[in-house]
2 protein chains.
Amino acid sequence: MNIPQTSFPRVVIIGGGFAGLAAARGLEEQELQVVLLDKHNYHTFQPLLYQVATGGLEPDSIAFPLRKRFNDVENFYFRLTEVQKINPENNTIETSIGSLEYDELIIATGSTTNFFGNTNIQKHTMEMKSIPQSLNIRSLILENFEEALLTSNIEERNALMNFVIVGGGPTGVELAGALAEMKKGILPKDYPDLDIRQMQINLIQSSDCILKGMSAKASEKAEDFLIKLGVNVWKNLRVLDYDGKTVTTNGEDHFKAETVIWAAGVKGQMIDGLNTECVIERAARIKVNEYNQVLGHPNVYAIGDVACMSSEKTPFGHPMMAQPAIQQGRLVAKNILAKLFNKKQEVFVYKDKGSMATIGRNKAVVDLKNWKFQGVFAWFVWMFVHLFSLIGFRNKAIVFLNWVYNYIRFDRETRLIIRPYKNKNSFSFRK
Amino acid sequence: MNIPQTSFPRVVIIGGGFAGLAAARGLEEQELQVVLLDKHNYHTFQPLLYQVATGGLEPDSIAFPLRKRFNDVENFYFRLTEVQKINPENNTIETSIGSLEYDELIIATGSTTNFFGNTNIQKHTMEMKSIPQSLNIRSLILENFEEALLTSNIEERNALMNFVIVGGGPTGVELAGALAEMKKGILPKDYPDLDIRQMQINLIQSSDCILKGMSAKASEKAEDFLIKLGVNVWKNLRVLDYDGKTVTTNGEDHFKAETVIWAAGVKGQMIDGLNTECVIERAARIKVNEYNQVLGHPNVYAIGDVACMSSEKTPFGHPMMAQPAIQQGRLVAKNILAKLFNKKQEVFVYKDKGSMATIGRNKAVVDLKNWKFQGVFAWFVWMFVHLFSLIGFRNKAIVFLNWVYNYIRFDRETRLIIRPYKNKNSFSFRK
């Protein structure tokens, strides 16, 4: 792969998400060679993808060039590639641009959408795990409204204005809320010749509450906010199939909808080459011990979403969110340095800093350890935390500017179909 | 097309560029129905496309949603479509979403890249007339540097770092300057393991000076600036062909380059349905009289780049730039209203407000009628004029913020490969 061989041990990190980035930062300027591999040349701030999808933010403001982050770091190498396989037996990895030896390997490949094997759903629904996917959703939403204008068939028009979001986790809730804000403030102005009241936003959750990982109070309040915003919240309803036209469920309700967003599950972004006893097949996650080491391979670590550190307290591992990823990344870096200096490695203990979700303008829910609150203040806390978690001054400033503008003007101005999704090759909306 | 029939006359405008937008603005809130058609749902601020291509600006900051611009305008309709044909004999147009009758038609389709019939060049070079095209260039530049890192073949590596820009007009000059700034400030930091001195930026102009439409002083100074920035300026050199590997010219110099940007010509974006005597085949422009009316069709106007108003003073029509487009758009709107109120139509007289081009940091050339100046002050004037020409407060603010940041930090932060161009389907750089 054209990485110079030095006398320093080589640490290879696969993935520049929250986990991989935290690990790389922790290994800066040490007597190590660090190689970071990612299939994008930027870090994606995933918590704000839904705002890109709903025209509130430009994609460039939630992406940060990975090379820039490590511009001044010695012995640091970035390569844009997809890793195809790891060979822990001989300490090498295979990638689309050649193979590479490592001394220590950190797998931080993150997660991907889980369609639970349903190929219909995979084919016809939209996912929102990356910037291109968010831009596809943005295009599709707007294309559907443009198309809705053209038809005099009421059933067809309603299907174009019917949005189904499957999954009542933070992604689904935040997206549903943002769509509801669009319905309120923007779409009636943009499409005065459409009856926007006909637009339906359906949030479908298979269990009996939304925001399952949060407190009962947060869940209730979030549902309350959504309902007030006009979102149809469906609980205890399981989506069985979607053929591109109709969402079928295990209940009596079916949904004729042109836009279905699948936020009902994630799984690890698995990587080939590990023994079956090292992985949890169903969840596509890698079993790790309390040092994030992969079973039988003390120099291979898995961190973040793809890692599953099972214990009595956490039988299914830690939540697949930014915080455990960042904390594991930091600790793994520390532990690798400890190993280097023959010091004792530290066991991972997750510090739960709480969780939060925003539903819309002035509406958010925040669960801290000893304090749970909802509403306007929670919304400001949400914004503050997200703003300061963004990498880079420029991104912070641009997101801040957008938020202030959107708040004051009740607007979302990046409602642009830059790359059409539905009408890639022609502008004919009729299929 | 599902546009209501009213008692008001219907004005159809094809194209939401500078010309079409100016016309639409001039017809607001009159006893008219205005229908604006465009194949994008946004207006593109073309003069800044090169900054999107070189990672200095996000695409969303130079695009403005057309629907938003006309949110509060009565009797205004926008449709996202491509117009396929006009039938001036029976006052209808045919589009991808159906046909439409008009009382007055304004053709403002703008211009497209002119490859002068060379299909090789068309196939292998990059054009930069739209936002998606600029994003393709952005991706390609960065992908080529990523690829250059991987090869130990010096010839291959040099070809990946060899940039050829064909055409020494404002587009070519500004793009060459921006690339040179990247070479100076950013690429050596991003790719410390590449010898960026090997990067070549070649600007090829077929005639004996660059910025041909500007003053001799501006042309000389711009060339001077480019040379100081390290751009190879080739004059009196004509590109004959490009097979994806080698640019062949009519001189002794040929260029092995992976990136060739074709900025050597534009032609009108012609539309089917006009008689041959109404059009200039070679330039794909529509002949218009001094009222911008198309020959033989007093209710069909062509304005902006696609229109050619030939006179003794302007045998080849007006320059294909924003100013004539805006001025013609405004006057056509006025003239249509004059017709409506049985008043006299006015003849178009072009007010040349001057022209300008920026070459790089603190370097621009400005030609006003009675004052021509170059350098730092010209650069500030350039920025001021462009900032204030952008539509919308948000876009102005975001562009301003980027410029201040880029200026202070010597940076361009949106160097993101969001949609890979060269490696669309796989991240394998090896072809």
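Residues numbered from 1 in each chain as written. Chains lettered and ligands numbered in written order. Predicted model: local features only at pLDDT ≥ 70, side-chain atom pairs only at ≥ 80, totals over all residues. Heavy atoms only, no water.

S.K.: Give me the relation of the copies chain B and chain A: which residues, what numbers.
M.R.: With an RMSD of 0.0 Å, the fit of chain B onto chain A corresponds to turning through 180° and sliding 0.0 Å along the axis. In symmetry terms, the pair is related by a two-fold rotation axis. In terms of C-alpha distance to the rotation axis, chain B has Ile398 of chain B as its closest residue, with the C-alpha 3.3 Å off the axis. By residue overlap, the copies meet face to face through one surface: 100% of the interface positions of chain B are interface positions in chain A. (Least-squares fit on C-alpha atoms with pLDDT ≥ 70 in both. Contact = heavy atoms within 4.5 Å.)

S.K.: So what's going on with empty space enclosed by the protein? Residues and values would help.
M.R.: What the rule picks out here adds up to eight cavities of 30 Å³ or more. Counted as a void, the largest cavity has a volume near 180 Å³. Leu135 and Ile418 of chain A together with Pro59, Leu135 and Ile418 of chain B are, among the 16 residues lining the largest cavity, the residues nearest its centre. Looking at the lining of the largest cavity, the elements with two or more residues in it are α5 (131–148) of chain A together with α5 (131–148) of chain B. The residue makeup of the lining of the largest cavity, split by class, is eight nonpolar, two polar and six charged. Estimated volume of the second largest cavity: approximately 50 Å³. (1 Å grid on protein atoms, 1.4 Å probe; cavity = no way out; pocket = protein on both sides within 12 Å on 5 of 7 lines; lining within 4 Å. Points joined across faces, edges and corners; volume = space filled by probe spheres on them. Helix = DSSP H or I, 4+ residues; strand = E, 2+ residues; numbered from the N terminus. Nonpolar A, V, L, I, M, F, W, Y, C, P; charged D, E, K, R; others polar.)

S.K.: Give a detailed account of the interface of chain B and chain A, specifying residues and quantitative values.
M.R.: With 59 residues of chain B at the contact, the number on the chain A side is 60 residues. Summed over both partners, the interface of chain B with chain A comes to about 5,600 Å²; 56% of that surface belongs to carbon and sulfur atoms. Our count for the contact surface shared by chain B and chain A stands at 14 salt bridges. The residue Lys68 of chain B makes a salt bridge to Glu413 of chain A at a minimum N-O spacing of 3.8 Å. Inspection of the region where chain B meets chain A yields 26 residue pairs in polar contact (both at pLDDT 80 or more). Broken down by secondary-structure element, the contributors of at least two residues to the side of chain B that touches chain A are β4 (63–65), α3 (66–69), β5 (76–80), α5, α8 (187–190) and α12 (393–409) of chain B. (Buried area = accessible area lost by both parts, 1.4 Å probe. Salt bridge = Lys/Arg side-chain N within 4 Å of Asp/Glu carboxyl O. Polar contact = N/O pair within 3.5 Å; in protein donor to acceptor, adjacent residues only side chain to side chain.)

S.K.: Break down α5 of chain B for me, with residues and values.
M.R.: Owing to its 3.6 residues per turn, the α-helix aligns residues three or four sequence positions apart on the same side. Here α5 of chain B spans 26 Å end to end across 18 residues, near enough to the 26 Å set by a 1.5 Å rise per residue. By the criterion of burial, α5 of chain B is predominantly enclosed, with 17 of the 18 residues buried. (Expected span 1.5 Å × (residues − 1). Buried < 20%, exposed > 50% of the residue type's maximum accessible area, 1.4 Å probe, protein only.)

S.K.: Could you give an account of the sheet that holds strand β20 (residues 285–287) of chain A, naming the residues involved and the relevant values?
M.R.: Residue and element names in this part refer to chain A. Sheet architecture is open: three strands sit in the order β19-β20-β23, paired in mixed fashion. The open sheet has two edge strands, β19 (279–280) and β23 (307–308), and neither has a second partner. Of the pairings in the sheet, the one linking β19 to β20 comprises two bridges and is antiparallel in character. Directly across from Ile280, in β20, lies its bridge partner Arg285. (Pairing = 2+ DSSP bridges.)

S.K.: Run through the packing of aromatic side chains, naming residues and quoting values.
M.R.: According to the stated counting rule, one finds 28 aromatic pairs over all chains in the structure shown. Seen in terms of ring centroids, Trp379 of chain A and Phe380 of chain A are 5.4 Å apart; in terms of plane orientation they differ by 75°. Their pairing is edge-to-face. Given a relative accessible area of 42%, Phe380 of chain A falls into the partly exposed group. Geometrically, the ring pair formed by Trp371 of chain B and Phe377 of chain B is tilted, given 5.9 Å between the ring centres and 35° between the ring planes. By relative accessible area, which is 46% here, Trp371 of chain B ends up partly exposed. (Phe/Tyr/Trp six-rings, centres within 6.5 Å; stacked < 30°, edge-to-face > 60°.)

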